[in-house]
Structure formats: C-alpha cells, structure tokens
Amino acid sequence: MPLTRKVTDLLVPIGDYAVTNEDSPLSEAILALRKVYCQVEVGKCTEAGHRNILVLDSRKHLVGILDFRTILRALIPEIAGGLTQRLEAIGVSVAFAQADSLDLDESRLSFQARVIKNADTKVKHLMLKVRGLIQAQEDLLSALKLMYANNITVLPVYENGDLIGVLRESDLFLTVADIVSN
Amino acid sequence: MTRTGKVGAWGLALLLSVDILAGSGFANEGMVVVDNASSFSWWIWPLLLLVVTFVMGVAAVLGGVGGGVLFVPIISGFFPFHLDFVRGAGLLVALAGALAAGPGLLKMNLASLRLAMPVALIASSFAILGAMIGLALPTQVVQIALGVTIIGICILMLVAKKSTVPNVPKADPISSVLKIYGVYQEASTGEIIDWKIHRTWQGLILFVAIGIMAGMFGLGAGWANVPVLNLLMGAPLKISVATSKFLLSITDTSAAWIYMNQGCVIPMIVVPSLVGIMGGSFVGVRLLRVAKPGLVRWIVIGMLAFAGLKALSKGLGF
Amino acid sequence: MKGDPHKSLQASPEQVVYAGILEKGMYLGLMLILATFALYVLGIIKPYIPVTEISKYWSLSVGEYLQTANIHQGWWWVSMLGYGDFINFIGIAFLAGVTIVCFLVIVPVLWKNNDKLYAAFSLLEAVILSLAASGILGSGGH
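Residue numbers here run from 1 along each chain, matching the order of that chain's written sequence. Lettering of chains starts at A and numbering of ligands starts at 1, both following the order in which they are written. Selection of residues for local features in this predicted model requires a pLDDT of at least 70, selection of side-chain atom pairs for listing and counting requires 80 or more, and totals for whole chains, interfaces and linings are taken over all residues. As a rule here, side-chain values cover all heavy atoms of the structure and leave hydrogens and water aside.

### Points about the pairing of strand S3 (residues 52-56) of chain A
Residue and element names in this part refer to chain A.
Link 1 in the chain: For S3, the buried fraction is high: 5 of the 5 residues fall into the buried class.
Link 2 in the chain: In this scheme, a residue with accessible area under 20% of its type's maximum is buried, one over 50% is exposed, and one in between is partly exposed, where area comes from a 1.4 Å probe on protein chains only. Think of it this way: any DSSP run of H or I at least four residues long counts as a helix, any run of E at least two long counts as a strand, and we number them from the N terminus. Alternating positions in S3 separate into two faces, Asn52, Leu54 and Leu56 on one and Ile53 and Val55 on the other, with burial throughout.
Link 3 in the chain: The pairing of S3 with strand S4 (residues 62-67) spans 5 bridges and is antiparallel. Within S4, the residue paired with valine 55 across the bridge is glycine 64.
Link 4 in the chain: Between any two strands, pairing holds if DSSP finds at least two bridges. Following S3, the chain reverses through 5 residues before pairing antiparallel with S4; lysine 60 in that reversal takes a positive phi of roughly 65°.

### Observations concerning the interface of chain A and chain C
Link 1 in the chain: Only heavy atoms enter the contact rule, under which two residues are in contact if any of them lie within 4.5 Å. Between chain A and chain C, the residue contacts involve 6 residues of the former and 4 residues of the latter.
Link 2 in the chain: Across the interface of chain A and chain C, roughly 470 Å² is buried in total on both sides, 46% from carbon and sulfur atoms.
Link 3 in the chain: The definition of a polar contact used here is a pair of N or O atoms within 3.5 Å, where within protein one atom must be able to donate a hydrogen and the other to accept one, and adjacent residues in sequence count solely through side-chain atom pairs. Scanning the region where chain A abuts chain C turns up 0 residue pairs in polar contact (both at pLDDT 80 or more).
Link 4 in the chain: Class assignment for the residues of the side of chain A that touches chain C results in 1 nonpolar, 2 polar and 3 charged. Summed over both partners, the accessible area lost on bringing two parts together, with a 1.4 Å probe, is the buried area. Throughout, the ten residues Ala, Val, Leu, Ile, Met, Phe, Trp, Tyr, Cys and Pro are labelled nonpolar, Asp, Glu, Lys and Arg are labelled charged, and all others, Gly among them, are labelled polar.

### Digging into the confidence of the model for chain B
All names here are of chain B.
Link 1 in the chain: Residues at a pLDDT of 70 or more form 86% of chain B, whose mean pLDDT is 85.
Link 2 in the chain: pLDDT measures how confident the predictor is about each residue, on a scale from 0 to 100. Every residue in residues 1-9 is under pLDDT 50, and counting partners more than four places away or in other chains gives 4 contacts.
Link 3 in the chain: Note that residues 18-39 has pLDDT below 50 and, in this model, 26 contacts with residues that lie over four places away or in other chains.

### Section: the pattern of salt bridges
Link 1 in the chain: Here, a salt bridge means any Lys or Arg side-chain nitrogen found within 4 Å of an Asp or Glu carboxyl oxygen. As enumerated under the stated definition, the model contains 8 salt bridges over all chains in all.
Link 2 in the chain: Residues arginine 297 of chain B and aspartate 100 of chain A are paired through a salt bridge, measuring 3.2 Å at the closest nitrogen-oxygen approach. Taken together, the residues arginine 297 of chain B in helix H13 (residues 294-316) and aspartate 100 of chain A in the loop between helix H5 (83-98) and helix H6 (111-118) connect one chain to another.
Link 3 in the chain: Under the relative-accessibility criterion, arginine 297 of chain B is labelled buried at 16%.
Link 4 in the chain: In this structure, aspartate 84 of chain B and arginine 87 of chain B form a salt bridge, with 2.7 Å as the shortest nitrogen-oxygen distance. Taken as a pair, aspartate 84 of chain B and arginine 87 of chain B lie in helix H5 (residues 83-107) at a separation of 3 residues, close to a single helical turn. For the pair aspartate 84 of chain B and arginine 87 of chain B, a shared accessibility class is recorded, and that class is buried.
Link 5 in the chain: One continuous salt-bridge network, built from bridges that share partners, spans Glu88 of chain A, Lys107 of chain B together with Glu23 of chain C.

Written as structure tokens, this is what we have:
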C-alpha cells in the first residue's frame, strides 16, 4: 500500500531544492528557481519541476516560501495583482497626471522597465507564510491530509529539528496514480 | 475609435461640462426662487454636483491640475452653496484624493516620508492657522483673496518650469542632519540616481505660506508644493510630485478638522463631490492610456481663470 | 552605502508600515462614507435636517447655518449619530483620522531604528493633528 510509506521515502532532499535568503532581491530568487526548475524539467523529465522556492533567514531557518503566482503578482501587479494593487497603481497615475507629469508615472512605464524595478523587491516582503510542516517519519497519508487541510502544495519536512527536504503535491499525485495503474 | 475621434469626444465632453456649468450659473442667479419653490426636487443639486465633479475629475487628470484647485472656485462660483461649505468640501475632496494615492506612492518609494515629515510639521501647523483665519475673515475678503490666488495659480501653471533632476551641488547642513536624501531609479534607462536637497530653510519658510493658503481656501496645494520641492529645494521632479501629493494628506487633515469642528461640513455636498471627483479621476486615467490631448490643459486653465475672475467679481460685489 | 536604508530603492521600514495602515484606514473610511451616505440618502435612517429642506441652509454662512438649524460645533455630532445626516460624520472623521494613527504607529518603528529625531517629529505631528481634531482650536470663531 503506497500511502503507508513514510514521508522520508518520497521527499525531495533540500539540496535539490531551490532556496533563497529572505534579504535577497526577488531577481536572485527567480534565477535560482529557474535554474532548478529547468534542470528537473530537462533531467528527470518525467516528473514536474519544482514550482516553489524556499526562503531561509540568515541562520538557515525556513521562514517562508515563494511560488510562481506570488512571483508574477509582484512582477506585474497591475495584471496579476489583487484589486488593492491595481487601485494603488491608479492612485499613483492620478497623482502624476494631476501634476502634469505623466511621463514620470511608473505605472505607465514599459513592461520591461517595470518588471526590472519590481524584481528589486526583497523576498521577505513577498513570501508566503509556511503553513504546516511534517516530520520525516510520519506516513504519507497524514502528509496528504495536512496539505489539503492547509490548502498548500508543498510541505517542508523536518527530522530532529532540521529541515531536510520538501514533500510536493505532485509527488503525492504520482503515488496515488501508481495505485490506479496497479 | 480613431485618435482624432477620441480627442473630439473629449472636447465634446468638456464643452458639455461647460454647458452644465453655465446652466447651473443661471440657476444660481435665480437661487432665491429655487429656494422658495418646494416643487423643485431636493436631489437636483446633489445630482448636478455629482455630474459636474465627475467631469471635473476627468478634466483634472487630463489637464494636469489638482482636483481640489478646480473644485473650490468652480463650485463656489456656479452652485448655490456658501463658500464656507465649499471650502470644507474642497478640503475633504483633496484629502480623500491624497489619501487614496498615498499608499501606492509610499510603497513604490516615490514619496519620501523623510522629506515630507519636517515640511508637514510646518505646513500642517500653518494650515490650522490658515483655516482659522479663513473662517474668521468676512466672506467677501476670502472671495477676493481666492480670486487673486486662483489667477495667480493659472499664471504659475503657465510659466513654472520643471526640472527632472535639479542640480544640487551640496546638501545643506539641515538636510544633512535630517538625512533627507535617497535614491531612485530612472525607469526609462534603469539608471540609479542619488538625490539630496538644499535651501531647506527657505523651503520651510515658503511652506508657512503654503500651509496658510491651503487652510484658508480649502484648495489642494500641489500647485505650490511641487515647485518649492523641485525648483527651490532641488528634489527630483518624480520625488517632488509624489511627496507633494502625500504631503497634502497631512496638511489637509489638519485643516479639514478645523472646518469640520466649525460645522462647515454638509454631507449632502461632501459625499457627491467626493464620489464624483474620484470616479472622474478613475475614468480620466483610463482615457489617458489612449492619448493625451494637449488642448485639454489649456481649456482647464482657461476654465480655472474664468472661475477665479468670477470669485473676484463676486467678492468685489460686481 | 549598502546598510543605509535611505539609500535603497525600496521604501524604508517606517514608510512601509505607514503605507499599510494608511491603505487599510483609507479604504475603510471610504466604505464607511459610502455606506452611511446610502443610509442617509435612501431615507433608511431619518435625518436631522429633512433632505427637502437642506437647500435652505447651504447658501447661508456657517454661522447662520449653525444658528438657524440649531447645530453645535465640535464633536457635538457624536451625540447626534441617531440621525441619517450625522452618521456621515463617522466616515469623514475616520478619513481625517487615519493620518494621526499612521504617525503614532511609526513612532516605535523609528525609535527602534535609532532615529529618535524623526520619532519625535512623528509624535509631534500626531499631537498637532490631534489638536486640530480636538476642536479646542478655533471653536470660538463666529
């Protein structure tokens, strides 16, 4: 029965996962994530690449996580962002328009320039909170429950207080798919 | 729609707005009759106010003028409201606009809190004084002063230059102690520009006058803030524009409280104006994405000058 | 210059805190204004001055208006919140009050960053604005 296997059998070791520092600019995190994502895509090919990057503090403790959606929202807030971000952009545009300085309005800049500027944001201002973690010796079924209960797609795995890897929703999917194929 | 078509549509919208204004001016002449005629529905004026302020919001954004500056002279000139209530509403309209823009400007690090704070201390204190003076003076006197100020603003708008990155050879002692400096990125080139300011004393003294005027007339003060921050104190234009808008949220807060505590706030005037101007600027910004007709600025400044003259003539009793 | 927060493209910590509170307060204030105005204008809560009579008052100077409508200055409106026109003051006061809260909240942030001068500035600004809000100033006019 695959689901009675332990978390430790399935996890992605921390060394294979993309990590960044909370004080790094987003641009660094993006490049780190792209590197790992593409390697997995090209190398192991059969399984989904990592779509998240872990954020560590200066003492190497896990403090947050970044996913594609969060990154895109920060880079192109006027498209991918929430209502407040779009309203913020309008407020800024109004301020510059009323001062007859339209050419200075950053929210009207070229797409490329805005992405470059926004990529300078520090990771810690964007990262998602870590919602839930699991011990390496627990079984996969409880991992699955935790993921769905907390509505997350990655679960940090700890052993003896150290972060040793990550369990991904895609891995669980493949495990469940194995049951069907048997 | 073609480009010319759009411009034509704007022109039409503006003409229409002038028409509405003229129409309400007519009604203004017959105000006494209106007041006594109970058949005249109460909601006409608030509705008209909503429409006019909406057009005003669009025009302010397209013309590059602050909404508060347009509001006080035009509404006091063409609506049956007393100047006391128009100033109260004008302050709240300018305040709401500044508050709405504030978070974005601060988060994008365009507005500098460090630059704003010493200036705000001066401007907001004197805005309180200005509001008290403005409410103590006879309406006639305020009317005349308002007219003169508005015409002055028009001239300022026509002649004032701007300097994208003013040359500041050396930061002055006060600004160094206060650590008023920063960096910003020239977005088109990606270049990082260091900025600092000078002539801090002179700037702060001018903000005494700006504060008093802001409180006295209930106008926004962006038209005065930007030249002082940019041309006198030497802050880059982008930082000046953003900081000026943010500054308004503080200056107008202090003056708005004085007006509110004195009873100069009538919700039936304030809320439609607020909704109208904000909605108008919203739409204005969308229109700007298509094109910006240079003509609109001239029309808006012309309208403003006309309203200024009207305030002057009202005050002088012509 | 790397350690100097004022030499960064990103906003300083106090600026981020200020912006966050301003944003929440501003939206809440605007919502309150719209909601209370709806209650007023739709006649759900009865106003102190009937809407049909309000045009009699708005052409008067504020002194005459207060006298004829028997309205008092300052924070008197708080005691009149049962009326549709006066509930609008909740949102307006909220909007005019956000900035005071913002300045108060950044005082400890600045203090912690050893920026005592600016901490004092923000405290002073909060005091000035509160003084204006208190109604102590200028309520003797007219």
